[in-house]
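A structural walkthrough
Residues per chain, in single letters:
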Amino acid sequence: MPSPTVSVVVPVYNTEKWLAEALGSIERQPGRDLIEVVVVDDGSTDGSAEIAQRYAGEATAVRYVRQDNAGLGAARNHGVRLATGRYLAFLDSDDIYPDGALSHLTGLADHHEAAIAVGDMQGLPPRPNPAWRRELLIGERVVEHIAHAPDLVGNPSACNKIFRRDLVDAVGVKFTEGTAFEDVLFTIPLLARSPRTILTPRLSYLYRQRGDNSSLMDSRSQPARIMQHLTIIEQLADEVRDLRPDDREAVYRWIAYMQLHYAWRAAAGCDDDQLAEFTARMHSLFKDIPIDVASEFVGNAGAGLRAVAIYEQDAATVRRPRSSRPLRVHAGQPYLGHPDFDTYRDLLRVREMTVSVKALRGSRPVTGPTAAGPTVAVEGTVRCAGIDGEPGQVRSDLLLEVGDGLLRQPVTVEYRKSNDLRWSCRLAASELAPGRYPVRLVVRDSGREYDVPPGPERGGRGTLGTRPTRVGTRVLWLTPDAAGPTLVVTDGTAGTLARSPQWLSEMGARQSRNLLRRAWRTARSGRRRLTSRRTDS
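Residues numbered from 1 in each chain as written. Predicted model: local features only at pLDDT ≥ 70, side-chain atom pairs only at ≥ 80, totals over all residues. Heavy atoms only, no water.

**What to know about the overall build of the chain**
Here is the rule: We count a stretch as a helix when DSSP gives it H or I for four or more residues in a row; a strand needs E for two or more, and each element gets its number in order from the N terminus. Categorising residues by exposure relies on relative accessible area from a 1.4 Å probe, with only protein chains included: less than 20% of the type maximum marks a residue as buried, more than 50% marks it as exposed, and the intermediate range marks it as partly exposed. We call two residues in contact when some of their heavy atoms are within 4.5 Å. Under the convention used here, a 1.4 Å probe and the Shrake-Rupley method define accessible areas, while residue burial counts only the protein chains that appear.
Per the secondary structure count, the chain includes 15 helices and 20 strands. A burial count over the chain gives 51% of its 537 residues as buried. Put simply, 72% of the contacts in the chain that link residues at least 6 apart link residues at least 24 apart. Within the structure as shown, the chain displays about 24,800 Å² of accessible surface, and the carbon and sulfur contribution to it stands at 49%.

Put into structure tokens, the structure is as follows:
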């Protein structure tokens, strides 16, 4: 056999169900006579060894070795030591090469004199498109710095790539052994130091999602895995400190993205001591990550508050990112409050905030010389990630406005559940003349204001219509309008009877809409079940 162009390293551990298909995908590659296959059996206890040995005896240019079980990283490193090809490729033993994938990658690398070739990869079954695929969808191109394709760092897998052997030897990287996430310290340093990398949108790898917790990646929420990942990220941060500033920033962006996600996992899965250690190490790690970089990967204000807690080494807030401080308004947008607001503002922005008005409740008559007139309590919910409040707390930053400035009152917190803050606001009925009044919730901060938009009616979270409520000489009810909730006030006498068809009409319209929605959902569900039965048969 001539010197192989590419060596494919195939680590094997208890994958008898898929191994023959994986090896068969290598055999179907054009130019098979220039492909060396190195099969490393990592101490399999099922029938994988027999399948691999039979393949090695029948196919050409195959090396089969068996080692005591040491993990995926150790098996790959063993295979790299045995490989003799000019390029290195990696196929996990439950995955598949599409036809022509290897010859396409090696051809591109040769033609463009590239040290790395990167192709597309997709799951079996398919998964949502990750951000790194954007770099490939641009089209075939050569990049000389990772900063020119920064999202590519988000794909640390070695499997949809080929690497020139001399680059691997020069950088001196190895797969991490005895831990999960073994690709990170191999692939990302190579991408960051490659003098030329060719990218192609062509599908080059199909990876299997087993979903049975047999993969290391299926146990990422376990505290041990969370700490393992953090250790690897710390080593990666040290590894790239000598890169060009824009290349280093590309790697730090990915570190911020990954570790903010793992902070959520740590808050849910670690005990207090583990979380304190995690937070302290993250605090040290994030000293090199600018706040504006971290803010790119914060999906809501609660996640942003958790990021602030990492910068301040506050494990309790990492666990429970909630703030009862007054909300802020800046440049027409709401923000969570914080003592160091100017420093952390980018992390505290409220990206989604909605209000629902749900109920009217009248008060019982009160007698005595100081008694106020009858009042009505408007009750509702404000939905905002990260918001908090104690029952009975008066939120002077949240004002209920009835009419265009007719009445304005701060709301009182009733309770908080998940991201919903239930509130109430009591209004004097005597100040409400008969009519229709728009109702809105306003965030107010030092004269700056933000009108909280009404939430959707579907799912029970939106503004709901209410039955008429008698308060003194007034009869009131709430109705949802296109622009938001509206409070209808009548005089409670003949006018009530005259206007009651209006309320009945509004109620009927709401019920009709709800019935139509239920009928549509039922019909859609029935079509799906019918389609499923036809497919199964």
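**Observations concerning the pairing of strand 2 (residues 35-41)**
Here is the rule: We call two strands paired when DSSP finds no fewer than two bridges between them.
Most of strand 2 sits out of view: seven of its seven residues are buried. In strand 2, alternate side chains face the same way, and those of Ile35, Val37, Val39 and Asp41 on one face and Glu36, Val38 and Val40 on the other are all buried. Bridge analysis of strand 2 against strand 3 (residues 62-66) gives five bridges, and the strand direction is parallel. Paired with Val38 across the bridge in strand 3 is Arg63.

**A closer look at the pattern of salt bridges**
Filter applied, for reference: Salt-bridge detection follows one rule: a side-chain nitrogen of Lys or Arg within 4 Å of a carboxyl oxygen of Asp or Glu.
Throughout the structure, instances matching the rule amount to 38 salt bridges. Across the salt bridge formed by Glu21 and Arg208, the nearest N and O atoms sit 3.3 Å from each other. Here Glu21 is found in helix 1 (residues 19-27), whereas its partner Arg208 is found in strand 8 (residues 197-208), with 187 residues between them in sequence. A salt bridge links Asp151 to Arg134; the shortest N-O distance between them is 2.8 Å. Of this pair, Asp151 sits in the loop between strand 6 (141-143) and strand 7 (161-164) while Arg134 sits in helix 5 (residues 133-137); the two residues are 17 residues apart in sequence, bridging distant segments of the chain. Residues joined by salt bridges that share partners form a network here, namely Glu401, Arg408, Arg440, Arg444, Glu449 and Asp451.

**Brief notes about helix 7 (residues 184-193)**
For helix 7, the buried fraction is high: nine of the ten residues fall into the buried class. Residues of helix 7 that are buried in the fold lie against strand 4 (87-90), strand 5 (116-124), strand 7, helix 6 (165-171), helix 8 (223-239) and helix 9 (245-269).

**Re the packing of helix 7 against helix 8**
Inclusion rule: Orientation is described by lines fitted to C-alpha atoms, with helices fitted over the stretch in contact, and by angles between N-to-C directions that extend from 0 to 180 degrees. What sets the label is the angle itself: under 35 degrees gives roughly parallel, over 145 gives roughly antiparallel, 65 to 115 gives roughly perpendicular, and the rest give oblique. In this scheme, a crossing is called left-handed if the near helix is turned counterclockwise away from the far one by less than a right angle; it is called right-handed if the turn is clockwise. All residues other than Ala, Val, Leu, Ile, Met, Phe, Trp, Tyr, Cys, Pro, Asp, Glu, Lys and Arg, Gly among them, are scored as polar; the first ten of these are nonpolar and the last four charged.
Running from N to C, helix 7 and helix 8 cross one another at 25°; their axes reach a closest spacing of 10 Å. By the criterion of interaxial angle, the relationship of helix 7 to helix 8 is roughly parallel. In this structure, helix 7 crosses over helix 8, and the sense of that crossing is right-handed. On the side of helix 7, the interface is formed by Val184, Leu185, Ile188, Pro189 and Arg193, while helix 8 contributes Ile232, Gln235, Leu236 and Glu239. The class makeup of the residues in the contact of helix 7 with helix 8 is six nonpolar, one polar and two charged.

**Considering the pairing of strand 17 (residues 448-452)**
Two elements, strand 16 (residues 435-445) and strand 17, share five bridges in a ladder whose sense is antiparallel. By the bridge assignment for strand 17, Val442 is matched with Asp451. The hairpin turn running from strand 16 into strand 17, its antiparallel successor, is two residues long, and Ser446 in that turn takes a positive phi close to 50°.

**Brief notes about unusual backbone geometry**
For the bond from Leu124 to Pro125, the omega torsion is 0°, close enough to zero to count as cis. Secondary-structure assignment places Pro125 in the loop between strand 5 and helix 5. One non-glycine residue with positive phi stands out, namely Asn14, at about 50°. You will see that Gln313, though not glycine, has its phi angle at about 55°, which is positive. Tracing the backbone shows Gln313 in the loop between helix 12 (301-311) and helix 13 (315-319).

**Some details on the packing of aromatic side chains**
How two aromatic rings sit relative to each other is set out by the distance from centre to centre and by the angle between their planes. Operational definition: Aromatic pairing here means that ring centres of Phe, Tyr or Trp (its six-membered ring) are within 6.5 Å. Orientation follows from the plane angle: under 30 degrees is stacked, over 60 is edge-to-face, and everything else is tilted. Whether a charge sits over a ring depends on NZ of Lys or CZ of Arg being within 6 Å of the ring centre and within 35 degrees of the ring normal.
The tally for this structure, following the rule as stated, stands at eleven aromatic pairs. Taken together, a centroid distance of 5.6 Å and an interplanar angle of 80° make the contact between Phe90 and Phe186 edge-to-face. Residue Phe90 is located in strand 4, and its partner Phe186 is located in helix 7; the two are separated by 96 residues in the primary sequence. Here Phe90 falls in the buried class, since its relative accessible area comes to 0%. Overall, Phe186 belongs to the buried group, its relative accessible area being 1%. Pairwise contacts between aromatic rings join Phe90, Phe163, Phe175 and Phe186 into one cluster. For Arg76, the ring lying beneath its charged end belongs to Phe175, and the centroid distance is 5.0 Å. Over the ring of Tyr262 we find Arg265; its NZ or CZ atom is 5.4 Å from the centre of that ring.

**Some details on the nonpolar core**
Inclusion rule: Take the buried residues of types Ala, Val, Leu, Ile, Met, Phe, Trp, Tyr and Cys, join any two whose side-chain atoms come within 4.5 Å, and each joined set is a nonpolar core.
Residues Ile26, Phe90, Ile255, Met353, Trp423 and Leu487 are the most contacted members of the largest nonpolar core, which totals 147 residues. In terms of residue count, the dominant contributor to this core is helix 9 (eleven residues). Every residue in contact with Ile255, bar those within four places of it in the chain, is listed here: Ile233, Leu236, Ala237, Leu285 and Ile289.

**Some points on the sheet that holds strand 1 (residues 6-12)**
Spatial strand order, 3-2-1-4-7-5-8-6: eight strands in an open sheet with mixed pairing. Taken across any chain shown, the strands that pair with only one partner, and hence form the sheet edges, are strand 3 and strand 6. Across the sheet, the mean angle from the axis of one strand to that of its neighbour is 30°, orientation sign disregarded. By the bridge criterion, three bridges tie strand 5 to strand 7 in an arrangement that is antiparallel.

**A look at helix 4 (residues 101-112)**
So the rule is basically this: Multiplying 1.5 Å by the helix residue count minus one yields the expected span of that helix.
In a regular helix each residue adds 1.5 Å, so twelve residues correspond to 16 Å; helix 4 covers 17 Å between its end C-alpha atoms and thus fits that length. Close packing links the buried residues of helix 4 with strand 1, strand 2, strand 4, strand 5, strand 7 and strand 8.

**Considering the confidence of the model for the chain**
Threshold: Scored from 0 to 100, pLDDT reflects the predictor's confidence in each residue.
Confidence in the prediction for the chain averages 89 pLDDT; 88% of positions are at 70 or higher. Here residues 213-218 scores under 50 on pLDDT; set against residues more than four positions off or in separate chains, the count is eight contacts.

**Quick word on the environment of Asp491**
As for its placement among the helices and strands, Asp491 is situated in the loop between strand 20 (484-490) and helix 15 (494-536). When the C-alpha positions of Asp491 and Val475 are compared, they lie 6.4 Å apart, and in sequence the two are 16 residues distant.

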